[in-house]
Amino acid sequence: MDRVKRQLAPYFLVLPGGLWLLLFFAIPMIAMLSLSLQQGDIVNGYQFTFHWQNYTDAIDSYHTQLIRSLIYGAVATIFLIVLAFPVAYWIAFYGGKRKSTYLFLLLLPFFVSFVLRTISWRQILTDDGPVLKPLKEIGLLSDSYHILGTPAAVIGGLVYNFLPFMVLPIYVALERIDPRVVEAARDLYANPATAFRKVILPLALPGVFAGVLMSFVPVSSDYVNSEVLGSSSTTMIGQVIQAQYLVNSDYPTASALSFILMAVLLVGIFAYARALGTEDVMKVAAR
Amino acid sequence: MTTPQHSAVAGPPGSAATGQSAIRFAGVHKNYLSHGDTVPAVKRMDLAIAQGEFFSLLGPSGCGKTTTMRMIAGFEEPSGGKVYLDGKDVTGVAPNKRDVNMVFQSYALFPHLNTYQNVAFGLERKKVSKAEIKKRVGEMLEIVSLTGMEKRAPKEMSGGQQQRVALARALVNHPRALLLDEPLGALDLKLRQQMQIELKRIQREVGITFVYVTHDQGEALTMSDRIAVMNAGVIEQLGSPREIYERPATRFVAGFIGTSNIVEGHVERTENGLALVSYTAQDRVVVPVGSAVRVGDKVEVSIRPEKIDMHRGVPPVTSTGGSVLSGVVNEVVYHGTSTNYTVATAAGADFTVFDQNASNAEDLADRGDRVYLTWAPQHSYMIGV
């Protein structure tokens, strides 16, 4: 009896998580897959007909937005790395006893709603707002100059909103580095720059890797920043999906687009992991 | 096996003063700022370590030994004074430009590099040719018995193996001096003793100056040519292991190195370089003293526990003119190779006495027995007060 119990224990332990996954992941996925293969319209209802044409139609109509989203995602991710690394580095190596305070300060703005913060950026960047107006008045910028509605505004918003997702994993990786290992590099004739390149950077790469995973996916599928800070020429795929679902009630197209986006992101992530997998990160670093 | 270019042979301790010192401190001191207060970590230090010497910095934690070593490596700069390597002033020179290498406490191996890459790191920075690196790393791994482990990552190796990678990584560069910061602290006792012998052998083979930081007096005694015993930022005594053990200069050294019995008293009589301190008609301590000691001076005398003979019952006949103290046995502890007795003596101090179990099947005395402790005059040693 006891032995049976012991053998079953792991399965009981996995039950809550398994149920959760079934209820909130597996079932919705199957529902969405079935939705993406249906045909019809909102008035007469949708019928399941293995209508694969939904996918080809979706790609034909919205590949511009899809590609644009991936480009924005990639550019924003690169900016995120460039911005987050020094912040994480400084907190990890110079934060001293106040490390947690600095991390808290970094996260503090994010206690305010995502949408509200993005809207305040619109207030700040608007054509006669506190940034552009004075610059225009003193003649540094032409009167027609604007930031809102441009790709720069959208990418800027994305970088701002996802910064902690990049800082935290890099910080964790840097924080784990034994300072004596860096001293050992200095002792073995490495100047500060070489010690950074040969020891700190390779040891931080797993953190960068995790940060990219955590930010590239939500950044590429974001629908708020472009909506608030962008224009019709910066529409991202997330906005299209949202509009199809909630405005046009075209559930099959929205579902098909979701699956396409998911597939593209998965392929991208796997390709990236293959090129720079955590195991291989070490080997790359050793070169 | 390599035959390193260094011709330096472990010189006699005295050579530090005459020839070119490998490492020299001139009036070095180091202060730390802590909450606005200046805290001295190392007080004024003058020190010369000879070429090829196995030199230990020994002391309790916080005594300044690690700070001293880090000033040699260049990780700390002295608040005042100068540090010389091979006669060259290196004060203010960055660690990567100093020709010394360090074996860190808990090794600090590069976790992302394998054994070969770890050992080759320094040579690569020095732009040594690939072929030469391959040759020297191979030779060094042979010296530390790690041949065949080239591809292993640090985390795939035991503590003892990691220790040897750390050693090889430093030694392969043929530094002017090797600095070792408690390198055996993380190993278990058996492995530690084995590595002590290994380290000594490697040091003889490569002939490089070793500066060894430890709080383990046994380690320092067995391995060193000379030891500097440090306490509170000051070198209390500098000498060979035998000098430090047999002739502790201060009360701190006497207590820190091995076990010492210390008695105080006033000189009653001096004769032929010996001073007599008596406590009762029959309890007396005889100690060799310099000419500066006068009748009535207060002296502190240290006696090692293994130098003392213990007699039960009747007072022994002492024709030799040595020391005699009577007392009562408080504690008897059997240690296998020896038995330790604690004796409350007539001099007021508790004495520890070691008795080798070579010929005695029985204990010399039991708890509560009245005993007499005797030892020859040369085993009493006057320490600085």
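How each quantity is defined
Residues numbered from 1 in each chain as written. Chains lettered and ligands numbered in written order. Predicted model: local features only at pLDDT ≥ 70, side-chain atom pairs only at ≥ 80, totals over all residues. Heavy atoms only, no water. Salt bridge = Lys/Arg side-chain N within 4 Å of Asp/Glu carboxyl O. Helix = DSSP H or I, 4+ residues; strand = E, 2+ residues; numbered from the N terminus. Contact = heavy atoms within 4.5 Å. Expected span 1.5 Å × (residues − 1). Bend = angle between axes of the 7 residues up to and from the residue. UniProt positions renumbered as here; feature names shortened; annotations may be inferred. Pairing = 2+ DSSP bridges. Axes fitted to C-alpha atoms, helices over the stretch in contact; angles between N-to-C directions. Buried area = accessible area lost by both parts, 1.4 Å probe. Polar contact = N/O pair within 3.5 Å; in protein donor to acceptor, adjacent residues only side chain to side chain. Nonpolar A, V, L, I, M, F, W, Y, C, P; charged D, E, K, R; others polar.

Student: For this particular structure, what's the right way to read the pattern of salt bridges?
Tutor: Proximity of charged atoms lets side chains of opposite charge pair with each other. Taken as a whole, this structure holds 25 salt bridges over all chains when the rule is applied. Across the pair Lys298(B) and Glu264(B) runs a salt bridge whose closest N-O atoms are separated by 3.5 Å. Of the two residues, Lys298(B) is situated in strand S15 (residues 298–303) and Glu264(B) in strand S11 (residues 261–266); the sequence distance between them amounts to 34 residues. If you follow the salt bridges from partner to partner, you end up with Glu183(A), Lys30(B), Arg70(B) and Glu76(B) in one network.

Student: Just to check I follow, could you spell out the environment of Met149(B) for this structure?
Tutor: All names here are of chain B. Looking at where Met149 falls in the secondary structure, it is placed in the loop between helix H4 (130–143) and helix H5 (159–171). Residues Met149 and Val285 lie 136 residues apart in sequence; the distance between their C-alpha atoms is 60 Å. In contact with Met149, other than residues within four places in its own chain, are Thr115 and Gln161.

Student: Help me understand helix H1 (residues 2–36) of chain A in this model?
Tutor: Quick reminder: α-helices carry 3.6 residues per turn. Residues three or four places apart thus point the same way. For H1(A), spanning 35 residues, the distance from its first C-alpha to its last is 48 Å, which sits close to the expected 51 Å at 1.5 Å a residue. Where H1(A) bends most, at Leu15(A), the angle is about 40°, and the proline Pro16(A) comes one to four residues later.

Student: Can you help me understand the UniProt feature "domain: ABC transporter" (unreviewed entry) in chain B in this one?
Tutor: UniProt annotation of "domain: ABC transporter" (unreviewed entry) refers to residues 23–257 of chain B when read in the numbering used here. Across residues 23–257 of chain B, helical content stands at 36% and strand content at 28%; the span's end C-alpha atoms are separated by 25 Å.

Student: Teacher, can you tell me more about the sheet that holds strand S4 (residues 80–85) of chain B here?
Tutor: Two modes of strand pairing occur in sheets, parallel and antiparallel, and in both the strands are linked by backbone hydrogen bonds. All names here are of chain B. Spatial strand order, S2-S1-S4-S5: four strands in an open sheet with antiparallel pairing. Edge positions in the sheet fall to strand S2 (37–50) and strand S5 (88–89), since each has one partner strand and no second. Here two bridges tie S4 to S5, and the two strands are oriented antiparallel to one another. Bridge pairing in S5 links Tyr84 to Asp89. Against the sheet, helix H2 (residues 65–73) touches strand S1 (21–34), S2 and S4, its axis set at about 120° to S1.

Student: How should the interface of chain A and chain B be read in this particular structure?
Tutor: A common way to state how big an interface is: give the accessible area lost once the parts meet. With 19 residues of chain A in contact, the opposing surface of chain B contributes 26 residues. Summed over the three residues of chain A that lose the most area to chain B, namely Asp187(A), Leu188(A) and Tyr189(A), the buried surface amounts to 38% of that side. At the junction of chain A with chain B, the criterion picks out one salt bridge. Residue Glu183(A) is joined to Arg70(B) by a salt bridge in which the shortest nitrogen-to-oxygen separation is 2.6 Å. Between the two partners, chain A and chain B, sit seven residue pairs in polar contact (both at pLDDT 80 or more). Elements represented by at least two residues in the side of chain A that touches chain B include exactly helix H7 (179–187), helix H8 (192–220) and helix H12 (278–286) of chain A. Ranked by residue count, the leading element in the side of chain A that touches chain B is H7(A), at seven residues. Counted by class, the side of chain A that touches chain B contains twelve nonpolar, two polar and five charged residues.

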